[in-house]
Amino acid sequence: MPKAGPTGTAMQQNAMRFVPDEAPIDYILVDLSKSVALGSGSDPTAASIRGIGGSIGAPPATPQIRLNVGDIVQVTMFEAESGGLFIPSDAGARASNHITLPNQQVSSQGTITVPYAGVINVAGRTIQAVQEDIRNKVEDRAIEPQVMVTLVSSPSSQVSVLGDVADPALVTIEPSGTRVLDLIARAGGVKGKGEDAVVTLLRGGQSRSFKLASLLTNASNNAYVRPGDTIYVQSDTRSYVVLGALTENGTYRFDGENVTLAQAIGKAGGLIDTRANPGYVYLYREVDRATLIKLGIDQTDIPGAKVPVVFHANLNEPASLFAANRFEMHNGDVLYVSNAQGYEVAKVIQLLYMIADTASKAVYAGNGIGTN
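Report follows, based on the coordinates. (Residues numbered from 1 in each chain as written. Predicted model: local features only at pLDDT ≥ 70, side-chain atom pairs only at ≥ 80, totals over all residues. Heavy atoms only, no water.)

**Comments concerning a nonpolar patch on the surface**
Formally: Note that patches include only residues with greater than 30% relative accessible area and no salt bridge, and the join distances are 9 Å for like charges and 5 Å for nonpolar side chains (Val, Leu, Ile, Met, Phe, Trp, Tyr). The accessible surface values rely on the Shrake-Rupley method and a 1.4 Å probe; as for residues, cover is taken only from the protein chains in view. Take a side-chain nitrogen of Lys or Arg and a carboxyl oxygen of Asp or Glu: if they are within 4 Å of each other, that pair is a salt bridge. Numbering of helices and strands starts at the N terminus; helices are DSSP runs of H or I of at least 4 residues and strands are runs of E of at least 2. Note on exposure labels: buried denotes an accessible area under 20% of the residue type's maximum, exposed denotes more than 50%, and partly exposed covers the range between, all computed with a 1.4 Å probe on protein chains only.
On the surface, a cluster of nonpolar side chains totalling about 390 Å² of accessible area is made up of Val348, Leu351, Leu352 and Ile355. With respect to the helices and strands, valine 348 occurs in helix H10 (residues 341-366). When its relative accessible area of 47% is taken as the criterion, valine 348 is described as partly exposed.

Here it is, written out as structure tokens:
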């Protein structure tokens, strides 16, 4: 007979069987209530998706770019007329009275060197402040000097764009300010489905995450970035499993959103009216011991940091629907709805009918009597 692979019998016969000494996994059965729904806590794995919460602090409308170690700058000196400190007296034929110094990199001490001005501390200072400092140091020797400092390249003003983007890269912030979506665009955009993308802004040990769509619809989320920030783009990979007497069994992704138990049932098409027992809705989860202690649930007989818990919801009770709509699903949850007893009886009756029908046809065939 055709088959897709080895039979269970073959697997049993050809394997070295290992029978563990441990008893079946112990678990706690907890009836779902308002206090349990509110006290079970949010999904701990969602922290890596949505961030630690709270505000990182709104950057200024146009963040100031400050010079730092490793930046490359260019200094141009202007004088009102020739014959001064930088423009010789025989330079009358020149189009303008200025001289541009060679590009130089800010040293590890945070300094640059300018002739007749000496060593200038620039690290952590704005370009405007550095220009004024140089001008003050040469004004007694130059003729009405003016100074222009140009930032040629700025590794210290770069932001890392990583994750599910077409071209992960270090991107330099524009002096006029660069927003999160600008950086993602300069990194080639998001790979895969944009509606699944979650964007995390990391800054100074804190993080804040948003769905990509919210950056488009809420301008306050599309913040200006700062030097040293990291932008990380990823798809929301959290999921839960639906089994039993629901319309569509399978694995469901969170897609960046929080999902309650009631919503999970709805996403799976709801309970099958002719099959499900709404009084036996179960959710399987490993729960931190601290959470169970907070809920006042005795778990002393089960070892380990996490305790297997089966949450039971009786949807025959109207109040249970309110609790189910407040109970948040977690990554890795298994939602199971049991069959009604009447459905199990119906399956047995159907099986007996098939056996009787097959036997009847065999008897008729043995007696040479047609079944049509």
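**Here's the deal with the sheet that holds strand S9 (residues 169-172)**
Strand pairing in a sheet is mediated by backbone hydrogen bonds. Such pairs are either parallel or antiparallel. Worth spelling out the cut-off: When DSSP finds two or more bridges between two strands, those strands count as paired. Angles shown run from 0 to 180 degrees and are taken between the N-to-C directions of axes, each axis being a line fitted to C-alpha atoms and, for helices, limited to the stretch in contact.
Read from one edge of the open sheet, five strands run S9-S8-S12-S10-S11, paired in mixed fashion. Sheet topology places S9 and strand S11 (206-211) at the edges, where each strand pairs with a single neighbour. Each adjacent strand pair in this sheet contributes to an overall mean axis angle of 25°, direction not counted. Bridge analysis of strand S8 (residues 158-163) against strand S12 (residues 230-235) gives four bridges, and the strand direction is parallel. Looking at S12, one finds that leucine 162 is bridged to tyrosine 232.

**Notes on the pairing of S12**
Pairing between strand S10 (residues 197-203) and S12: six bridges, direction antiparallel. What sits directly across from alanine 197, in S12, is serine 235.

**Here we look at unusual backbone geometry**
A positive phi is found at tyrosine 116, a non-glycine position, where the angle reads about 70°. Along the chain, the position of tyrosine 116 falls in the loop between strand S5 (111-114) and strand S6 (118-121). The class for tyrosine 116 is partly exposed, based on a relative accessible area of 45%. A positive phi angle, near 40°, is found at glutamate 144, a position not held by glycine.

**Re the packing of aromatic side chains**
The condition that has to hold: Two rings belonging to Phe, Tyr or Trp (six-membered ring only in the last case) form a pair when the distance between their centres is within 6.5 Å. Interplanar angles under 30 degrees mark stacking, angles over 60 mark edge-to-face geometry, and anything in between is tilted.
Counting across every chain of the model gives four aromatic pairs. With 5.4 Å between their ring centres and 75° between their planes, tyrosine 240 and phenylalanine 254 make a pair best called edge-to-face. Note that tyrosine 240 is positioned in strand S13 (residues 239-244) and phenylalanine 254 in the loop between strand S14 (250-253) and helix H7 (261-267), a separation of 14 residues in sequence. Taking the relative accessible area as the measure of exposure, tyrosine 240 reaches 0% and is therefore buried. A relative accessible area of 3% means that phenylalanine 254 is categorised as buried.

**Side note on empty space enclosed by the protein**
Test applied: Residues are called lining when one of their atoms sits within 4 Å of a cavity or pocket point, these points coming from a 1 Å grid over the protein atoms alone, where a cavity is a set in which a 1.4 Å probe fits but cannot get out and a pocket is an open set with protein on both sides within 12 Å along at least five of seven lines. Grid points are joined across faces, edges and corners, and a volume is the space filled by probe spheres set on the points. For this classification, Asp, Glu, Lys and Arg are treated as charged, while Ala, Val, Leu, Ile, Met, Phe, Trp, Tyr, Cys and Pro are nonpolar and the rest, including Gly, are polar.
Per the counting criterion, the structure on display carries two cavities of 30 Å³ or more. The computed volume of the largest cavity comes to approximately 40 Å³. Together, Leu32, Leu261, Val281, Tyr282, Leu283, Phe311, His312, Ala313, Phe327 and Leu335 line the largest cavity. Broken down by secondary-structure element, the contributors of at least two residues to the lining of the largest cavity are strand S15 (276-288) and strand S16 (306-313). Its residues assigned to classes, the lining of the largest cavity comprises nine nonpolar, one polar and no charged.

**Topic: the side chain of asparagine 222**
What counts, and what does not: Throughout this description, a polar contact denotes any pair of N or O atoms lying within 3.5 Å of each other; where both atoms belong to protein, one of them has to be capable of donating a hydrogen while the other can accept it, and for residues adjacent in sequence the pair is counted only when both atoms sit in side chains. Contact criterion: two residues are considered in contact whenever any of their non-hydrogen atoms come within 4.5 Å of each other.
You can see asparagine 222 is positioned in the loop between helix H6 (212-217) and S12. Polar side-chain contacts of asparagine 222 include one of 3.3 Å to the backbone nitrogen of valine 180. Contacts of asparagine 222, omitting those with residues within four sequence positions, involve Arg179, Val180, Leu181 and Leu215.

**Some remarks on helix H4 (residues 127-138)**
The cut-off we apply is this: Here the expected span of a helix is defined as 1.5 Å times the quantity of residues minus one.
The end-to-end C-alpha distance of H4, which contains twelve residues, comes to 17 Å, matching closely the 16 Å that a straight helix rising 1.5 Å per residue would cover. Its buried side turned inward, H4 meets strand S2 (72-78), S5, S6 and strand S7 (146-153).

**A look at the sheet that holds S15**
Here six strands make up an open sheet; going across it, the order is S1-S16-S15-S17-S13-S14 and the pairing mixed. The open sheet has two edge strands with one neighbour each: strand S1 (28-31) and S14. Adjacent strand axes in the sheet meet at a mean angle of 25°, parallel and antiparallel pairs treated alike. Strand direction decides the pairing type here: S15 and S16, joined by eight bridges, are antiparallel.

**Quick word on the pattern of salt bridges**
The tally for this structure, following the rule as stated, stands at seven salt bridges. Here arginine 135 ties to glutamate 132 by a salt bridge, and the two come within 3.0 Å at their closest N and O atoms. Within this pair, arginine 135 and its partner glutamate 132 are both found in helix H4, separated by three residues, close to a single helical turn. Residue glutamate 132 is classed as partly exposed on the basis of its relative accessible area of 38%. Here glutamate 174 makes a salt bridge to arginine 186, at a shortest N to O gap of 3.8 Å. Residue glutamate 174 is found in the loop between S9 and helix H5 (180-186), and its partner arginine 186 is found in helix H5; the two are separated by twelve residues along the sequence. Under the relative-accessibility criterion, glutamate 174 is labelled partly exposed at 39%.

**Observations concerning the nonpolar core**
The tendency in soluble globular proteins is for nonpolar side chains to be buried side by side. Convention followed: Remark: nonpolar core denotes a set of buried residues (Ala, Val, Leu, Ile, Met, Phe, Trp, Tyr, Cys) joined through side-chain atoms within 4.5 Å.
Formed by 34 residues in total, the largest nonpolar core has its most connected members in Leu32 and Leu261. Put simply, the parts of the chain that give this core at least two residues each are S1, helix H2 (34-39), S13, H7, S15, S16, helix H9 (318-324) and strand S17 (334-339). If near-sequence neighbours (up to four positions away) are discounted, leucine 261 is found in contact with Leu32, Leu283, Ala313, Ala324, Phe327, Met329 and Leu335. In terms of nonpolar packing, the next biggest core, distinct from the first, is built from 21 residues, Phe86, Ile87, Val114 and Val147 among them.

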